[in-house]
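# Observations on the model geometry
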Amino acid sequence: FTVLFVYFTCISTVQTTDCLHLREQCINAGNGCESVWNVVEDACNISVLGNRCKAEDTVGCNRIIQVLADEYPEFKNCVCTTDHICSITTLLGKLCGINKDNISMETKLHWGLSSLSKQAYTTNRSCLDVNRECVEDEVCNKQLSLYLKVCSVNKKCNVEGCQAALRFFYGNMPFEVAQMMIFCDCIQRDESCHRAKELLHGKHCAVTAVPPPSCLNVIQMCEENEMCRKKYTTFQSKCWRHVTKKCYNDEACLETLLKGGMPCSANADCKAAYVSSWGTMLHMECTCQNLPPVEQPLCELFHHMLHSKSCFS
């Protein structure tokens, strides 16, 4: 009976009404859901008048709906994210029309981002150059605009919404482009480059908290969140397999790891896991100051794993 019920919730008018009620709750919740929903509206091209949509970007639309369902599980019975056409039709019913003949976003990404993705990947590219190339590219600029709209520094920062937008932004980029942006860098005195880097990396909202939490708290918060825990587990297993939980409470083991320079695998799987973890609390700036001496080594271990780029240099 439960299986049949879940199946019919995806197609019934009653469930569509319930889902519209969920949407209203989301908009009024004040917990970051509204920011994610705003990205849904933009990505799925939903008109403010009548909630009609014409989702030309069906891939991008489905991806942000998946983010919505991951972040706010109450929506999971309202969307069918395996659809080949934009899943928002399940949420808004007949109000939302899809043109199945539209070119898919994946094709557009290969065309529109060709100037970026065809470049040979090199580490430490200037963030100013990468940002400029994204702005000059129609598809990349559209995705960047959606992200910056949610993470705007001109309004009160909503950390959860901004992180969701950051995940959506990097998830919509070809991997070569995403890593080019994430691993970009600046020389010390280039202020324009540093501003571009802050925009690309969510500095103003997604990664900054005042006061900064301890790195121990960041890991704890991540492990309490299903989505973050999965990404951290993958990142740890692909990059730092030798760093086991058995070592966490062993002072001698921690000291050996830290003194050894903490080498990581730095292979393609590791790099992909690191890129995938962007837009989660793992990249929030954290500190090991003012902790009891007994907690200091483990905190420094986590800080190195999360924020040291030596693994990829």
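All values derive from a computational prediction rather than experimental measurement.

The rules behind each value
- Residues numbered from 1 in each chain as written.
- Predicted model: local features only at pLDDT ≥ 70, side-chain atom pairs only at ≥ 80, totals over all residues.
- Heavy atoms only, no water.
- Helix = DSSP H or I, 4+ residues; strand = E, 2+ residues; numbered from the N terminus.
- Buried < 20%, exposed > 50% of the residue type's maximum accessible area, 1.4 Å probe, protein only.
- Contact = heavy atoms within 4.5 Å.
- Core = buried A, V, L, I, M, F, W, Y, C linked by side-chain atoms within 4.5 Å.
- Phe/Tyr/Trp six-rings, centres within 6.5 Å; stacked < 30°, edge-to-face > 60°.
- Axes fitted to C-alpha atoms, helices over the stretch in contact; angles between N-to-C directions.
- Parallel < 35°, antiparallel > 145°, perpendicular 65-115°, else oblique.
- Left-handed = near helix turned anticlockwise from the far one by under 90°.
- Nonpolar A, V, L, I, M, F, W, Y, C, P; charged D, E, K, R; others polar.
- Polar contact = N/O pair within 3.5 Å; in protein donor to acceptor, adjacent residues only side chain to side chain.

## Observations concerning the overall build of the protein chain
From N to C terminus, the protein chain includes 17 helices and 0 strands. The proportion of buried residues among the 313 residues of the protein chain is 44%. Long-range contacts, defined here as pairs at least 24 residues apart, represent 70% of the contacts in the protein chain between residues at least 6 apart.

## What about the nonpolar core?
Ranked by size, the top nonpolar core spans 83 residues in total, and within it Tyr170, Met181, Tyr232 and Phe302 carry the most contacts. Tallying contributions element by element places helix α10 (residues 159–171) first for this core, with 7 residues. Each residue touching Met181, except ones within four places of it in the same chain, is listed here: Val130, Cys134, Cys140, Phe169, Tyr170, Met173, Leu200 and His201.

## Comments concerning the packing of aromatic side chains
Within the structure shown, the criterion is met by 6 aromatic pairs. Between Tyr170 and Trp278 the ring centres are 6.1 Å apart and the planes differ by 70 degrees, which places this aromatic pair in the edge-to-face class. In this pair, Tyr170 sits in helix α10 while Trp278 sits in the loop between α16 (268–276) and α17 (296–307), placing the two residues 108 residues apart along the sequence. Judged by relative accessible area, which is 5%, Tyr170 ranks as buried. Of the residues examined, Trp278 reaches a relative accessible area of 6% and is grouped as buried. Summarising the aromatic geometry, the rings of Tyr274 and Trp278 are spaced 6.3 Å apart at their centres and angled 80 degrees between planes, so their arrangement reads as edge-to-face.

## Focus on the packing of helix α8 (residues 127–136) against helix α12 (residues 191–200)
The relative placement of two packed helices is expressed as an angle between their axes plus a distance between the axes. With their axes 8 Å apart at the nearest point, α8 and α12 run at an angle of 60 degrees to one another. As far as their axial angle goes, α12 and α8 are oblique. For the pair α8 and α12, the sense of crossing is left-handed. On α12, the residues that touch Cys127, Leu128, Val130 and Asn131 of α8 are Ser192, Cys193, Ala196, Lys197 and Leu200. Split into classes, the residues belonging to the contact of α8 with α12 amount to 6 nonpolar, 2 polar and 1 charged.

## A word on the environment of Gly171
Within the fold, Gly171 resides in helix α10. As for Gly171 and Trp278, which are separated by 107 residues in sequence, their C-alpha atoms are 9.3 Å apart.

## Quick look at the side chain of Thr287
Among the structural elements, Thr287 can be located in the loop between α16 and α17. Overall, the relative accessible area of 18% leaves Thr287 in the buried class. Among the polar contacts made by the side chain of Thr287, one reaches the main-chain amide nitrogen of Gln289 at a distance of 3.0 Å. Residue contacts for Thr287: discarding those within four places in its chain leaves Pro212, Pro213, Ser214, Cys215 and Cys299.

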